[in-house]
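Each chain, letter by letter, is given below.
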Amino acid sequence: MTYSPSAAPLIQLRDVHKHYGDYHALRGIDLEIKKGEFFSLLGPSGCGKTTLLRTIAGFEAPSSGSLTIDGRDMAGVAANHRPTNMVFQSYAIFPHLSVAENVGFGLRRDPRSKAEKARAVAESLEMVGLGGYGARAAHALSGGQRQRVALARALILKPKVLLLDEPLSALDKKMRETMQVELIKLQRNVGITFILVTHDQEEALIMSDRIAVMFEGNIAQMADPETMYRRPNSRRVAEFIGKMNLLPATAAMERNRIVVDVAGLGRGAIEPDQAPSGVQPGATTVGIRPETLSILFPGETTDRRLAAGTVDEVVYFGDMTYYDVRIPGVEQPLTISMKNLIGRPVLDVGAVTQVVWDERSLVVLSR
Amino acid sequence: MGILDTSPRVRAAALVAPPFLYALALLAFPLIAIIVISFWTQSGLALNRVFTLENYREIFSSPIYVWGNANRWGVLPLSLFVSATVTLVTVVLAYPIAYFVSFVVAPERKALWLFLITIPFWTSYLIRVFLWKVILGFNGVVNTGLQSLGVIEEPLSVLLYNLNSVIITLSHAYAVFAILPIYVALEKIDRSLLEASQDLGESRFSTFLRVTLPLSVPGIVGAVLIVFIPTIGDYVTPELMLGSGGRLMSNVIQTQFLQLNNWPLGAALSIITMLAVGIVSLVFILLNRRWLRGRA
């Protein structure tokens, strides 16, 4: 089963708080996660995302509030009796057991025969791409292989929910990218609800059906990746996810339209959905993503809006070049990302240029 | 030319020389001497330096040392039995203490707890043995206490001057040596493994059996060897706690050397004891290797 937005909620959290002494780790979490969904908890370290995951797993008891999984209240239900399984950040592979013994660890009470269990273990290893590794000693595996063993070990129990605690953070970049794609495929194949904890916004955008961004024990915004990226509801979310240029602006209502006067760029009318946290007439802030701005290279023309500026900084990435362009009247230079297409030069610092912008890419961030 | 100007090899040799000579003088030479003397014989006050296996023949033909008879065990098997019992008792009692300090005590208190565990060591070994005599003796703390409570009428004689008292005293004396290696092994266990086990459906108790206990085996093996090897050679405790009644290997060896003035026989008994301990330890290490092969 794949995720559909109308599916019934599998996990429900109502006003969940967690205190550690004086420390308030979770501050009233309300959350519904649907069946078959790939859900990510994204936030900086210390935001409470791991505490929330461990609360769902049963390793932490909430100080107040309720948690139900598949309609069943989880209060007082220990981790070993919950329909959840976890892939730990350290993978927690048992060093004294072989790969097959690790994967079959949770099958002890399974009524199936020894041969059937062995077949299940082999299939599970096959599924994560470790077919034939069963007899190996667990301590002889590489990081990526350990992660696959941890996945196989959790998925063989067919949990309702698979919890992943920063499973990719210990891998190198190449391996991480491979595993991201494999995890998405795996999730679609098995149809199990995945909850991923990560501090890597790119990872959350790539993998998730929905993302909850957390700061200081609160969920700041919960949305699908595209909404999260294009319509963040606060400056903080906007700056946490990707790069966002923030510019001071003045908002006004004119003939039932919202018009913002952006410092250094000019006036533009916007749609209501471009102000996800609402808008009040007066001083405000607008955000604009680097890739929605562009530089007008010599010889190019446009009928879009223009602003003059000088190149302050050039960062060359190979496929892309990032420019910081200073616009008169704006304190912070604008960051603009440009694809290095054929015939496009890389400008030098100090070059005088024109910035092309569009009011459709503005987002008003009143918080 | 100073020593610092010479080659690294010479410098290393020079640095190692003092402890090496020390070990040679106090460990290797006495050991070689014991081996050599065990093949000699005593003739009056002098040693007869003709090579002979007479001492070993004596040991293996007499019922005293190895074989025993219908009424009593040989001294060597009895000593091995006492050591094995002491080891078992010590490790079984030490494990919960090590587990408690490692898993229950807050991290910032662990050093304090380990420090407290070593407190009995501030008292001399000899004095601790005497204190156990006071506790277990005919008019000791246990007997007078039980008598005043009316539990017993006559003082119990099973407490002192038999193997029980040796086992109690030695188990107490070697407790720390068992606690520390087990504690270290438990500390090394990644706590997320225990959570993983629970996550996979095991209760806390079955997690202990399937994860904690197997992963602490190296610590248990260390504790067993550290307790077993010295207790078999322990001389003071059996000497004081057995009274005139019994003799363990160390006492028999001491008697041969210092009272009966039969150094060669004492030396041969020492060699036999060392071999027995060596074989038992080796078997244990090999079993452990097999158990840990491709694991930990």
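Residues numbered from 1 in each chain as written. Chains lettered and ligands numbered in written order. Predicted model: local features only at pLDDT ≥ 70, side-chain atom pairs only at ≥ 80, totals over all residues. Heavy atoms only, no water.

An unreviewed UniProt entry annotates chain B as ABC transporter permease of Rubellimicrobium roseum. If you open the UniProt record of chain B and go to Sequence similarities (unreviewed entry), you find "Belongs to the binding-protein-dependent transport system permease family. CysTW subfamily." In its Subcellular location (unreviewed entry) section, UniProt records this for chain B: "Cell membrane". (UniProt positions renumbered as here; feature names shortened; annotations may be inferred.)

Another aspect to go through is the overall build of chain A. Assigned secondary structure in chain A consists of eight helices and 20 strands. Expressed along its principal axes, the backbone C-alpha trace of chain A runs to roughly 75 × 45 × 40 Å. Taking all 367 residues of chain A together, 50% fall into the buried category. When the accessible surface of chain A is summed, it comes to about 16800 Å², and 50% of that surface belongs to carbon and sulfur atoms. Computing the positive centroid from 43 side-chain charges and the negative centroid from 41, chain A places the two 6 Å apart. (Helix = DSSP H or I, 4+ residues; strand = E, 2+ residues; numbered from the N terminus. Buried < 20%, exposed > 50% of the residue type's maximum accessible area, 1.4 Å probe, protein only. Areas by Shrake-Rupley, 256 points an atom, 1.4 Å probe, with all protein chains shown as cover. Lys, Arg positive; Asp, Glu negative; His and termini not counted. Charge placed at Lys NZ, Arg CZ, Asp CG, Glu CD.)

The next thing to look at is the overall build of chain B. Along the backbone of chain B there are 15 helices and two strands. Relative to the globule expectation of 19 Å for 296 residues, the C-alpha radius of gyration of chain B, 24 Å, shows a markedly less compact shape. The principal-axis extents of the C-alpha atoms in chain B amount to approximately 80 × 75 × 40 Å. By the burial criterion, 41% of the 296 residues in chain B qualify as buried. In chain B, the share of contacts with a sequence separation of at least 24, taken over all contacts with a separation of at least 6, comes to 64%. Charged side chains in chain B number 18 positive and 13 negative. The centres of these two groups are separated by 9 Å. (Rg over C-alpha atoms; globule rule 2.2 N^0.38 Å. Contact = heavy atoms within 4.5 Å.)

Residues and elements named next belong to chain A. Entries for chain A in the domain assignment read domain 1 (9-231) and domain 2 (243-364). On a C-alpha basis, the centres of domain 1 and domain 2 stand 39 Å from each other. Facing the four residues of domain 1 at the interface are eight residues of domain 2. The three residues of domain 1 that bury the most area against domain 2 are Tyr229, Arg230 and Arg231, which together make up 98% of that side's buried surface. Along the contact surface separating domain 1 from domain 2 lie one salt bridge. In this structure, Asp273 engages Arg231 in a salt bridge whose closest nitrogen and oxygen atoms are separated by 3.3 Å. Run the count over domain 1 and domain 2 and you get three residue pairs in polar contact (both at pLDDT 80 or more). (Domains from an automatic or database assignment. Buried area = accessible area lost by both parts, 1.4 Å probe. Salt bridge = Lys/Arg side-chain N within 4 Å of Asp/Glu carboxyl O. Polar contact = N/O pair within 3.5 Å; in protein donor to acceptor, adjacent residues only side chain to side chain.)

Turning our attention to the pattern of salt bridges. All chains considered together, the criterion is met by 26 salt bridges over all chains. With a closest N to O distance of 4.0 Å, Lys18 of chain A and Glu60 of chain A form a salt bridge. Note that Lys18 of chain A is positioned in strand S1 (residues 9-20) and Glu60 of chain A in the loop between helix H1 (49-57) and strand S4 (64-69), a separation of 42 residues in sequence. Of the two residues, Lys18 of chain A and Glu60 of chain A, neither departs from the other in class, the shared state being buried. A single salt-bridge network, built from bridges that share partners, covers Lys18, Arg54 and Glu60 of chain A together with Glu195 of chain B.

In this section: the interface of chain A and chain B. If you look at the interface, chain A gives 22 residues, while chain B gives 20 residues. Summing the contributions of chain A and of chain B, the shared interface buries around 2000 Å²; its carbon and sulfur component is 55%. When the buried area of chain A at its contact with chain B is split by residue, Asn80, His96 and Phe105 of chain A rank highest and sum to 34% of it. Our count for the chain A to chain B interface comes out at three salt bridges.

All names here are of chain B. Sites flagged by UniProt as "transmembrane region" (unreviewed entry) map to residues 20-40, 80-105, 112-131, 166-186, 207-232 and 265-287. Between the end C-alpha atoms of residues 207-232 there is a gap of 35 Å, over a span that is 96% helix and 0% strand. Across residues 265-287, helical content stands at 100% and strand content at 0%; the span's end C-alpha atoms are separated by 33 Å.

This brings us to the packing of helix H6 (residues 125-136) of chain B against helix H8 (residues 163-173) of chain B. All names here are of chain B. At a minimum axis separation of 10 Å, H6 and H8 run at an interaxial angle of 135°. Taken together, the axes of H6 and H8 are oblique relative to one another. Two packed elements cross with a definite hand, and for H6 against H8 that hand is right-handed. Where H6 abuts H8, its residues Tyr125, Arg128, Val129, Trp132 and Leu136 lie against Ser165, Ile168, Thr169, Leu170, His172 and Ala173. Taken together, the residues of the contact of H6 with H8 sort by class into seven nonpolar, three polar and one charged. (Axes fitted to C-alpha atoms, helices over the stretch in contact; angles between N-to-C directions. Parallel < 35°, antiparallel > 145°, perpendicular 65-115°, else oblique. Left-handed = near helix turned anticlockwise from the far one by under 90°. Nonpolar A, V, L, I, M, F, W, Y, C, P; charged D, E, K, R; others polar.)

Residues and elements named next belong to chain A. The sheet contact formed by S1 and strand S2 (residues 23-34) spans nine bridges and is antiparallel. Bridge assignment links Leu13 to a residue of S2, and that residue is Leu31. The hairpin turn running from S1 into S2, its antiparallel successor, is two residues long, and Gly21 in that turn takes a positive phi close to 60°. (Pairing = 2+ DSSP bridges.)

Further remarks concern the packing of aromatic side chains. All names here are of chain A. Per the stated rule, a full pass over the model turns up 17 aromatic pairs over all chains. If you follow Arg236 out to its NZ or CZ, it ends over the ring of Phe215, 4.1 Å from the centre. Note that Arg289 overlies the ring of Tyr229, its terminal NZ or CZ placed 3.9 Å from the centroid. (Phe/Tyr/Trp six-rings, centres within 6.5 Å; stacked < 30°, edge-to-face > 60°. Lys NZ or Arg CZ within 6 Å of the ring centre and 35° of its normal.)

Residues and elements named next belong to chain A. Across the sheet, six strands lie side by side as S6-S7-S8-S3-S9-S10; this open sheet has mixed pairing. Each edge of the open sheet carries a strand with a single partner, namely strand S6 (84-87) and strand S10 (218-223). When the angles between neighbouring strand axes are averaged without regard to direction, this sheet yields 20°. Both strand S3 (residues 38-42) and strand S9 (residues 210-215) contribute to a ladder of four bridges, which runs parallel.

Our focus in this paragraph is the nonpolar core. One recurring pattern in soluble globular proteins: nonpolar side chains tend to sit buried together. Membership of the largest hydrophobic core comes to 75 residues, with the highest contact counts inside it found for Ile11 and Ile195 of chain A. The leading source of residues in this core is helix H4 (residues 75-104) of chain B, at eight residues. Those residues in contact with Ile195 of chain A that lie beyond four places of it in its chain are Ile11, Ile33, Phe39, Leu41, Leu53, Ile56, Val161, Leu162, Leu163 and Leu164 of chain A. Among the nonpolar cores identified, the runner-up in size contains 33 residues, and Phe38, Ala154, Leu155 and Met207 of chain A belong to it. (Core = buried A, V, L, I, M, F, W, Y, C linked by side-chain atoms within 4.5 Å.)

On to the side chain of Ser40 of chain A. By the element assignment, Ser40 of chain A lies in strand S3. Non-local contacts of Ser40 of chain A, meaning those with residues more than four positions away in its chain, are made with Leu196, Ala204, Ser208, Arg210, Ile211 and Ala212 of chain A.

Right, let's talk about the pairing of strand S7 (residues 161-165) of chain A for a bit. Working note: regular strand, side chains alternate between the two faces of the sheet. All names here are of chain A. The element S7 is extensively covered by neighbouring structure, given that five of its five residues are classed as buried. Of the two faces of S7, the one lined by Val161, Leu163 and Asp165 and the one lined by Leu162 and Leu164 are each fully buried. Note that S6 and S7 share four bridges and pair parallel. Pairing of Asn85 across the sheet is with Leu162, part of S7. Where S7 lies against strand S8 (residues 193-198), five bridges are found, and the strand directions are parallel.

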